[in-house]
Amino acid sequence: MPTGKETHTDQAKPHRWGMVVDLDRCTGCEACVVACHAENNIAVSNPEEAARGRVNHWLRVDRYYEGQFPDVKVKYRPVLCQHCDEAPCEPVCPVNATYHNPEGLNVQVYNRCVGTFYCANNCPYTVRSFNWFDPQWPEPMQLQHNPDVSLRPGGVMEKCTFCIQRIKRVEESADAGSRPVADGEVQPACVQSCPAEAMVFGDLNDPDSKVSRLAGDGRATKLMEELGTKPKVVYLDRAR
Amino acid sequence: MAEHPELLPYGIIREDLFRPLSRAGSKWWFTVTVCFLLVLAGLAAWGVQLRDGLGVTGLNRPVFWGLYIVDFVFWIGISHAGTLISAILRLTDAAWRKPVTRAAEAITLFALMIGGLFPIIHLGRAWFFYWLIPYPNARLMWPNFRSPLVWDLVAILTYVTGSAIYLYLPLIPDMAQLGAHNKPWRRKLYTTLSLGWTGSDREWHALEMAMKLNAVIILAIAISVHTVVAWDFSMSIAPTWHSTMFGPYFVVGAIFSGIGALIIVMATLRRTLHLENYLIKRHFDNMSKLMLTMSLLWFYFTMSEHITIWYGNEPKEMGVFGQRTRGDYAFWFWTMVVVNFVIPVTLLGIKKLRSITTAVIASFGVLIGMWLERYLIVVPTLVTPRLASATSVYSPSWVELMITVATFAAMILLYLLFARLFPIIAVWEYKPHSPEEED
Amino acid sequence: MFLIAEYRSKDALVEALLALKGAGLTAEDLAVFSEEPIEFRKGILDRHSNMSKAAVAGAVTLGTLATWFVYYAQHNYELITGGMPIFSFWATGIITYETTMLGAVLATFFWFLWESGLIRRRDPEAPIPVIGPASMSLRVKCDSARADSFVETLRRTGAIKTERRGK
């Protein structure tokens, strides 16, 4: 059985990144989805492929309907990689392509991936997406690739990284200035682009950070927490 | 031989069993050609998949495993025909096993060779499959030994090695006998492979010891291999896959389908190689009884698997259960129950109906049923993920179907070649008189 | 020098073996050649075998080596996955099990090749009798001085043919 001592080496590290999503604020505008695509060079699927279930999003907005037509209420839930502390996707990978990095991020190393699909099958949130073909972008979108993010070849699995390139950039500039990373300094693309400010990102190790305070809110829930995956994404939802 | 009439039976046996090696009819050539072309077509389909990517399959998110994994489990299951059945019969010293064992052991080896390909075929980047093997490499890292897929690799490599040796050992004396005649290239092949076997009592004694030990070890390996295959599913937390029962359930299913394959092969050999005096009704009768037992066992396991899900009424598991029993897959589910349980039990359980023909019919049903069982384990779970928003459908593409067909052709092809190169019944084991009669 | 005698019945062969052993020959000097295995009662032509010990030794060796290697590899490049410990017998027990079995299989196979004499250099002097279906040949290694008496024994016990080879 896993013991606490060996598992949470990330406790000793300066940061433990996490996110809070306020479902009561989310309007379902999907700006986060678009921002994620632009930031992370995610290949764009075409209508035929999308109809076959090959849409490629690292972040999707699930819709939940309540009531009967015409009296319908819609609730939205942005679902991204939950960066589980005890991620079911990790131990099943035979080539260590997905593992737990020291800052608690569940990372995917594209160059190691051989495409066994086991991680994706074992992800209860279905947030991993696969490159069915070599990636393609409709003209002229291939001209706006983010130079900080590698392009993934066909045949490898990929998923949300919490915009690790942005985390690294902030950490490096903080190191260079010999100062701690300020709360709110790291902003993944989805957080930055959310007009309703429903998403908050920060360091869960810092008890005073906004994300830590919100995570202790009475409305806080985690998605499928009962599976024991220990997700680092917290949803705020008014109990009804 | 004529001057020793008392030896004639053995001489005839030898002649009968060696004859197929030197004569190939037009039917044989026709079947070999057709199977070879189908294998080529399968390779071409795989080529298309390697060139374009896994997008040419019907897979999607969240149905990441499809026909390839179904075929993988199916073929590994078929491989249990041989080694397991032949090992059990050898250990219990069942005399009737003698004409059956080699036919069964050959199935094992070929089914493993084919089944072992599927984990490679289904990879996103199949050309890097060797990254699962621990060797000092430029990536400066080792594979993840906690992954069930690495367990699989080790288990299947062990099984292939074990069953190849298990098939090879009793072939040595036969090849030594064959080394005396036949065409020059065959003479060379047989004498090389028989390692200079002279037939001394020391050699026989060592062979007997080795066969006994290997029979025990191969039993332990065979059971563990299919358990590990089952654990590929059980170790995950997907609804209905995460079942403690999958290990034994898969082993039972594997032996079940293996017996089906063996009965079909035996009937075909009897017909085409004119082995009516060797593979007699008694063999089919005994195999039918074995299959009947496995059919009942399979039903028992399927029953306990599903009734616990139904009674427990856990929503996610019930989603999969509903898909199987009354949803999109209901037709196939109930077909499976009919061909795996109703038909075998009727045809083989009622003594009047039991014959070689009905055994073959039931066996074909069982093969179809066991393939469906694997499909119904893999796909319905994946199309109903835990978050309803990710729900999807799956239908295999022509590439997947072509590769599946090609593996069946490959099995037939390998078997036809084997039956022409080596005596399909162990000649030295098939003594003119069975021990019971001698006593 | 070698004597070769051909027999048609197992009883006659057993009688010959007992007579020769009574005359002071050991199982090492005797070899029976046949196209199918002949089972002798205990005490007639015993062949000692260490194969099961070899199998156990092979199993323990490969299993231990593999387990040590997994332990080494996991610590050599420490990656945490899914909150699991770096090394755990639970998570790698299958590998230990399978390699143990593989060790047993390989040891058995190589021990078979060794013990049967197939990969050992044989005595180039020793003739290998030609055997036919259901005929059994007995090869006796003996001093040329005693050859005559042994041939006599072989004939008496029912040998169809006897032959002398070598010096």
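For the structure given in this document, a descriptive report is provided here. (Residues numbered from 1 in each chain as written. Chains lettered and ligands numbered in written order. Predicted model: local features only at pLDDT ≥ 70, side-chain atom pairs only at ≥ 80, totals over all residues. Heavy atoms only, no water.)

As a further point, take the overall build of chain C. In terms of regular secondary structure, chain C is built from 4 helices and 4 strands. Sequence-ordered secondary structure for chain C, helices as α and strands as β, is β-α-β-α-α-β-α-β. Relative to the globule expectation of 15 Å for 167 residues, the C-alpha radius of gyration of chain C, 25 Å, shows a markedly less compact shape. Counting only C-alpha atoms, chain C reaches 80 × 30 × 30 Å along its principal axes. Burial status across chain C gives 53% buried among its 167 residues. Accessible surface, chain C: about 8,500 Å² in total, of which carbon and sulfur atoms supply 58%. (Helix = DSSP H or I, 4+ residues; strand = E, 2+ residues; numbered from the N terminus. Rg over C-alpha atoms; globule rule 2.2 N^0.38 Å. Buried < 20%, exposed > 50% of the residue type's maximum accessible area, 1.4 Å probe, protein only. Areas by Shrake-Rupley, 256 points an atom, 1.4 Å probe, with all protein chains shown as cover.)

Moving on, we get to the packing of aromatic side chains. Throughout the structure, instances matching the rule amount to 49 aromatic pairs over all chains. Taking 5.2 Å as the distance between ring centres and 50 degrees as the angle between the ring planes, the aromatic pair formed by Y118 of chain A and W65 of chain B counts as tilted. Taken together, the positions of Y118 of chain A in helix 4 (residues 118-121) and W65 of chain B in the loop between helix 2 (26-52) and helix 3 (67-78) put the pair across two chains. By relative accessible area, which is 0% here, Y118 of chain A ends up buried. Overall, W65 of chain B belongs to the buried group, its relative accessible area being 2%. Between the aromatic rings of Y375 of chain B and Y394 of chain B, the centroid separation amounts to 6.4 Å while the plane-to-plane angle is 35 degrees, which identifies the pairing as tilted. Taken together, the positions of Y375 of chain B in helix 15 (residues 356-383) and Y394 of chain B in the loop between helix 15 and helix 16 (398-421) put the pair 19 residues apart, joining distant regions of the chain. Taken individually, Y375 of chain B and Y394 of chain B each receive the classification buried, so the pair is uniform in this respect. (Phe/Tyr/Trp six-rings, centres within 6.5 Å; stacked < 30°, edge-to-face > 60°.)

Counting 227 residues, the largest nonpolar core has M19 and F162 of chain A, Y415 and I424 of chain B together with F112 of chain C as the members making the most contacts within it. Ignoring sequence-local partners within four residues, the contact set of F162 of chain A consists of W17, G18, M19, L80, C81, H83, L105, I167, P188, F201 and V233 of chain A. Within the second largest apolar cluster, 27 residues are counted, among which are A5, L25, I38 and L138 of chain C. (Core = buried A, V, L, I, M, F, W, Y, C linked by side-chain atoms within 4.5 Å. Contact = heavy atoms within 4.5 Å.)

Residues and elements named next belong to chain A. Under the defined criterion, the tally for this structure stands at 0 disulfides over all chains. As a non-bridged cysteine, C89 has C123 as the owner of its nearest cysteine sulfur, 6.3 Å distant. The buried category is assigned to C123, whose relative accessible area is 13%. (Disulfide = S-S within 2.5 Å.)

Moving on, we get to the sheet that holds strand 4 (residues 161-165) of chain C. All names here are of chain C. Strand order across the open sheet formed by 4 strands is 2-3-1-4, with antiparallel pairing between neighbours. With one partner strand each, in any of the chains shown, strand 2 (30-34) and strand 4 form the two edges of the open sheet. The average angle at which neighbouring strand axes cross in this sheet is 20 degrees, direction not considered. Where strand 2 meets strand 3 (residues 136-141), 5 bridges bridge the pair, whose relative direction is antiparallel. The residue bridging S34 from the neighbouring strand is M136, located in strand 3. (Pairing = 2+ DSSP bridges. Axes fitted to C-alpha atoms, helices over the stretch in contact; angles between N-to-C directions.)

It is worth spelling out the sheet that holds strand 9 (residues 220-221) of chain A at this point. In spatial order, the strands read 8-1-10-9 (chain A); together these 4 strands make up an open sheet with mixed pairing. The sheet is open, and its two edges are formed by strand 8 (199-203) and strand 9 of chain A, each paired on a single side.

Before going further, it helps to spend a moment on the pattern of salt bridges. Residues and elements named next belong to chain A. By the definition in use, this model includes 28 salt bridges over all chains. Where K168 meets E171, a salt bridge forms, and the shortest distance between an N and an O atom there is 3.9 Å. Of this pair, K168 and E171 both sit in helix 5 (residues 164-176), 3 residues apart, roughly one helical turn. We classify E171 as buried; its relative accessible area is 12%. One continuous salt-bridge network, built from bridges that share partners, spans D22, D24, R25, K75, D217, R219, D237 and R238. (Salt bridge = Lys/Arg side-chain N within 4 Å of Asp/Glu carboxyl O.)

Residues spaced three or four apart along an α-helix point in a common direction, a consequence of the helix completing one turn every 3.6 residues. Residues and elements named next belong to chain B. For helix 15, spanning 28 residues, the distance from its first C-alpha to its last is 40 Å, which sits close to the expected 40 Å at 1.5 Å a residue. Here helix 15 lies mainly inside the structure; 24 of its 28 residues are buried. At the N-terminal end of helix 15, a side-chain oxygen is found 3.4 Å from the backbone nitrogen of T357, two or three residues along, and the residue is S355. (Expected span 1.5 Å × (residues − 1). Polar contact = N/O pair within 3.5 Å; in protein donor to acceptor, adjacent residues only side chain to side chain.)

So, on to the pairing of strand 3 (residues 73-79) of chain A. Residues and elements named next belong to chain A. Here strand 2 (residues 60-66) runs beside strand 3; their pairing, made up of 7 bridges, is antiparallel. Note that in strand 3 the partner of R60 across the bridge is V79. Hairpin remark: strand 2 followed by strand 3, antiparallel, with 6 residues in the connecting loop; positive phi at G67, about 85 degrees.

Moving on, we come to the interface of chain C and chain B. Listed as interface residues are 52 residues of chain C and, on the opposing side, 52 residues of chain B. When the two sides are added together, the surface that chain C and chain B hide from each other amounts to roughly 4,700 Å², 67% of it contributed by carbon and sulfur. The interface formed by chain C and chain B holds 2 salt bridges in total. Put simply, chain C and chain B have 12 residue pairs in polar contact (both at pLDDT 80 or more) between them. Broken down by element, the side of chain C that touches chain B gets its largest block of residues, 17 residues, from helix 3 (residues 89-115) of chain C. Of the residues that constitute the side of chain C that touches chain B, the class distribution is 33 nonpolar, 10 polar and 9 charged. (Buried area = accessible area lost by both parts, 1.4 Å probe. Nonpolar A, V, L, I, M, F, W, Y, C, P; charged D, E, K, R; others polar.)

Residue and element names in this part refer to chain B. Along the chain, F246 falls in helix 11 (residues 246-272). Separated by 17 residues in the primary sequence, F246 and V229 have C-alpha atoms spaced 9.3 Å apart. Among all residues touching F246, those that are not within four sequence positions of it are A230, F233, S234, T240, W241, E305 and I377.

These values are about where atoms sit, not about what they do.
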